[in-house]
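The chain contents come next:
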Amino acid sequence: MLETFLITLEALGVLAFALSGIIEAARKQFDLVGVVMVGAIAAFGGGTLRDVLLDRRPFFWVEQEFWVWALIGVGLVLPFFFRANHIALTEKAMLIPDAFGLGIFAAGGTHLALVSGMSPMISVLMGVITAVAGGVLRDVLVNEVPRAFHDHQPYAAIAFAGGWVVVLLGYLQTPEYVDVLIAAVLMVAVRLLSVKFKWELFRWRYL
Amino acid sequence: MLETFLITLEALGVLAFALSGIIEAARKQFDLVGVVMVGAIAAFGGGTLRDVLLDRRPFFWVEQEFWVWALIGVGLVLPFFFRANHIALTEKAMLIPDAFGLGIFAAGGTHLALVSGMSPMISVLMGVITAVAGGVLRDVLVNEVPRAFHDHQPYAAIAFAGGWVVVLLGYLQTPEYVDVLIAAVLMVAVRLLSVKFKWELFRWRYL
Amino acid sequence: MLETFLITLEALGVLAFALSGIIEAARKQFDLVGVVMVGAIAAFGGGTLRDVLLDRRPFFWVEQEFWVWALIGVGLVLPFFFRANHIALTEKAMLIPDAFGLGIFAAGGTHLALVSGMSPMISVLMGVITAVAGGVLRDVLVNEVPRAFHDHQPYAAIAFAGGWVVVLLGYLQTPEYVDVLIAAVLMVAVRLLSVKFKWELFRWRYL
């Protein structure tokens, strides 16, 4: 049951990040194949980098091939859906699925690294890498400065703090999936709130 | 014999992509070392990423060290050759070797993944990754939006379709190298034609 | 003792590259988290890529977790230190730690690959990759053309030549750490001199 839960969660994260990549590539007038590929890289980039670093094989998308098909389908259909429904592809539209991907991947990545026997600090970092790498790759591919490093809003900081929530909950008697779920929900909520209310990191400015 | 064939083919793909990287870096006024390195990354990037994903070691360029020497030689000599012969480094000059690299790497990568026991869909994706990653890295390094995602011409789409040709031919009694060769020739031809006649993907435009 | 020496050296290289990444990100007005992350990627990027290519696990930063904590601390404190002391974050300020990182990582990476049983040429390349990859990633992340490919000053060329120094010294009876140290010092010195006196690579210009 734990495994089913984790796979479902990872699939949700994949779809959320795919959506963010698709919106971003569509905003930049990429062609249909480019939209699908940026979506795929945003979706699978973080988890694949995590698995390379942890030396885990097969990859999520190799084992769960269905999601590759799903992604191609979504990537091909979605732009037409946006267009037909006159959905404006604003930056904000992209930030909502991105927030879900952030929370899910950071919680899942931290948990996975802990299970692989990594220390708490390294596990939290793996969670951050899982959550941030896909979005960074997405931004690099559309030739922008990675938003996660530049927008002065908490993003990687949320993944970092949320990873420690997973670690700390791990010391309680709660079932693992509850730990992951609580941390993920917390991170998504904080990120959405920080987008809505424009919370900023302590603003350090180079003079 | 199959192995010799595949190594020769991969070497041709390496040289083709190296050429594309060298032309691109020279166009951007990179220095001599930069030209060699962008050439090397365009040439070996796709195959190396494929081997990391498939967990294959040693890499092609570790086993076939000769090609590293060849690449350095070509990278150092070619810019002078271009200059002496007044060869214009237009974007089009770059697209011809790029087309050869595309067909060869997509066919070879798909075949390699099939042999490694991957499913057809994953094998086709590995072919696409092998073919596209080197060029994407090349474009990111010269600080451009990856052409493969943006030019509205079939590129990754050709690698995808051509990969399925390798898979389908695999069900026939033909020798493996014939399958790979047919698919590679097909892809190179379609790509060259699509460049020449400016074939475009179905043009989806975000309004 | 050799091991302690190598770990200390790698740690120095990590800190030097971290400093270069922190300065670069601060110059680009990245936020605090971005500064820490660009610093971390500049610091650990080259060594991690080398370890992925050589299939070495665990990574340096997984084994020597202390350095991750150190890096986060340095990344958070340094910008305030710069500001308080009115240290100008010029490009030149970045080039000094970068030179140290270059020499240390090129020498260490070459040595490590030789010990892993790689041929001299491949080992030298691994040294170049270790030394150059972190800085290239840093420059890509701040959305600039990688300086190592573009500035017409010897950089990767120094790593390449210095790697051969490690290889050649390996044929003498000198202890390994002496070989690594001599090569590293040589490379740092040549790089600093070439920055100071604006030495240039043979200037090839595409006309």
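Residues numbered from 1 in each chain as written. Chains lettered and ligands numbered in written order. Predicted model: local features only at pLDDT ≥ 70, side-chain atom pairs only at ≥ 80, totals over all residues.

**With respect to the overall build of chain A**
Then step 1. What chain A contains, in helices and strands, is 9 helices and 0 strands.
Then step 2. Of the regular secondary structure in chain A, the N- to C-terminal order runs α-α-α-α-α-α-α-α-α.
Then step 3. The C-alpha radius of gyration computed for chain A amounts to 17 Å, which stays within 12% of the reference 17 Å derived for 207 residues, consistent with globular compactness.
Then step 4. For chain A, the C-alpha atoms occupy an extent of roughly 50 × 50 × 25 Å along the three principal directions.
Then step 5. The buried share of chain A, reckoned over its 207 residues, is 54%.
Then step 6. A separation of at least 24 residues holds for 73% of the contacts in chain A among residues at least 6 apart in sequence. (Helix = DSSP H or I, 4+ residues; strand = E, 2+ residues; numbered from the N terminus. Rg over C-alpha atoms; globule rule 2.2 N^0.38 Å. Buried ≥ 20, exposed ≤ 12 C-beta atoms within 10 Å, placed from the backbone. Contact = placed C-beta atoms within 7 Å.)

**A word on the relation of the copies chain A and chain B**
Then step 1. Under the fitted operation, chain A is carried onto chain B by 0.0 Å of movement along the axis and a turn of 120 degrees, and the coordinates agree to an RMSD of 0.0 Å. Taken together, these values place the two copies in the relation of a three-fold axis.
Then step 2. Of all interface residues in chain A, a mere 9% are interface residues in chain B too; the two copies therefore contact each other through different surfaces. (Least-squares fit on C-alpha atoms with pLDDT ≥ 70 in both.)

**Structural notes on the interface of chain A and chain C**
Then step 1. Facing 22 residues of chain A, the contacting portion of chain C comprises 23 residues.
Then step 2. Counting only elements with at least two residues in the side of chain A that touches chain C, the list comes to α6 (120-141), α7 (147-150) and α8 (156-169) of chain A.
Then step 3. Per-element accounting of the side of chain A that touches chain C gives the leading share, 4 residues, to α6 of chain A.
Then step 4. Here the residues of the side of chain A that touches chain C sort into 16 nonpolar, 3 polar and 3 charged. (Nonpolar A, V, L, I, M, F, W, Y, C, P; charged D, E, K, R; others polar.)

**So, the interface of chain A and chain B**
Then step 1. Listed by partner, the interface residues are 23 residues for chain A and 21 residues for chain B.
Then step 2. Contributions of two or more residues to the side of chain A that touches chain B are made by α1 (2-27), α2 (32-54), α4 (66-84) and α6 of chain A.
Then step 3. In terms of residue count, α2 of chain A provides more of the side of chain A that touches chain B than any other element does, 6 residues in total.
Then step 4. For the side of chain A that touches chain B, the class distribution of residues is 15 nonpolar, 3 polar and 5 charged.

**So, the packing of α1 of chain A against helix α5 (residues 91-115) of chain A**
Residues and elements named next belong to chain A.
Then step 1. Where α1 meets α5, the closest approach of the two axes is 8 Å, and the angle between their N-to-C directions is 150 degrees. Crossing handedness for the pair α1 and α5: left-handed. In this structure, α1 contributes L6, L9, E10, L12, G13, A16, F17, L19, S20, I23 and E24 to the contact, and α5 contributes A93, M94, P97, D98, F100, G101, I104, F105 and G108. (Axes fitted to C-alpha atoms, helices over the stretch in contact; angles between N-to-C directions. Left-handed = near helix turned anticlockwise from the far one by under 90°.)

**Thoughts on the relation of the copies chain A and chain C**
Then step 1. Relative to chain C, chain A is turned by 120 degrees and slid 0.0 Å along the rotation axis, the superposed coordinates differing by an RMSD of 0.0 Å.
Then step 2. An asymmetric contact is evident, with only 9% of the interface residues of chain A recurring at the interface of chain C.

**What about the packing of helix α5 (residues 91-115) of chain B against helix α8 (residues 156-169) of chain B?**
Residue and element names in this part refer to chain B.
Then step 1. Here α5 crosses α8 at 45 degrees, and the two axes come no closer than 9 Å. Classified by the interaxial angle, the pair formed by α5 and α8 is oblique. Considering the relative orientation of α5 and α8, their crossing is right-handed. On α8, the residues touching L102, G103, A106, A107, T110, H111 and L114 of α5 are I158, A159, G162, G163, V166 and V167.
Then step 2. Across the contact of α5 with α8, the residue classes tally to 8 nonpolar, 5 polar and no charged. (Parallel < 35°, antiparallel > 145°, perpendicular 65-115°, else oblique.)

**Quick look at the confidence of the model for chain A**
Then step 1. The share of residues in chain A with pLDDT of 70 or more is 97%, and the mean pLDDT across the chain is 88.
Then step 2. Confidence estimates for the predicted assembly give a pTM of 0.90 and an ipTM of 0.85. (pLDDT = per-residue confidence, 0-100.)

**Comments concerning α6 of chain A**
All names here are of chain A.
Then step 1. End to end, α6 covers 32 Å across 22 residues, agreeing with the expected 32 Å (1.5 Å per residue, within 8%).
Then step 2. V132 marks the point of greatest bend in α6, at about 35 degrees.
Then step 3. With its phi angle positive at about 60 degrees, N143 sits one or two positions after the end of α6. (Expected span 1.5 Å × (residues − 1). Bend = angle between axes of the 7 residues up to and from the residue.)

**Focus on unusual backbone geometry**
Then step 1. Here the residue pair R57 of chain B and P58 of chain B is connected by a cis peptide bond, since its omega of -10 degrees sits within 30 degrees of zero.
Then step 2. Note that P58 of chain B resides in the loop between α2 (32-54) and α3 (60-63).
Then step 3. In this structure, D55 of chain A is a non-glycine residue whose phi angle is positive, near 60 degrees.
Then step 4. Summarising the element assignment, D55 of chain A is placed in the loop between α2 and α3 (60-63).
Then step 5. Phi at K198 of chain A is positive, roughly 50 degrees, even though this residue is not glycine.

**A short note on helix α9 (residues 176-196) of chain A**
Residues and elements named next belong to chain A.
Then step 1. Taking 1.5 Å per residue, 21 residues should reach 30 Å; α9 reaches 30 Å between its end C-alpha atoms and fits that length.
Then step 2. Turning to α9, its buried residues are D179, V180, A183, A184, M187, V188 and R191. Taken around the axis of α9, the buried residues stretch over an arc of 150 degrees, which confines them to a single face. Away from its buried face, by an angle of more than 90 degrees, α9 presents the exposed residues V178, L193 and K196.
Then step 3. Just past α9, the residue K198 takes up positive phi, approximately 50 degrees. (Arc of directions from axis to C-beta.)

**Points about the environment of V68 of chain C**
Then step 1. Position of V68 of chain C among the secondary structure elements: in helix α4 (residues 66-84).
Then step 2. Looking at V68 of chain C, the number of C-beta atoms within 10 Å reads 21, which means it is buried.
Then step 3. With 24 residues separating them along the chain, V68 of chain C and F44 of chain C place their C-alpha atoms 9.5 Å apart.
Then step 4. Leaving out residues up to four positions away in the same chain, V68 of chain C has contacts with M121 and L125 of chain A together with W61 of chain C.

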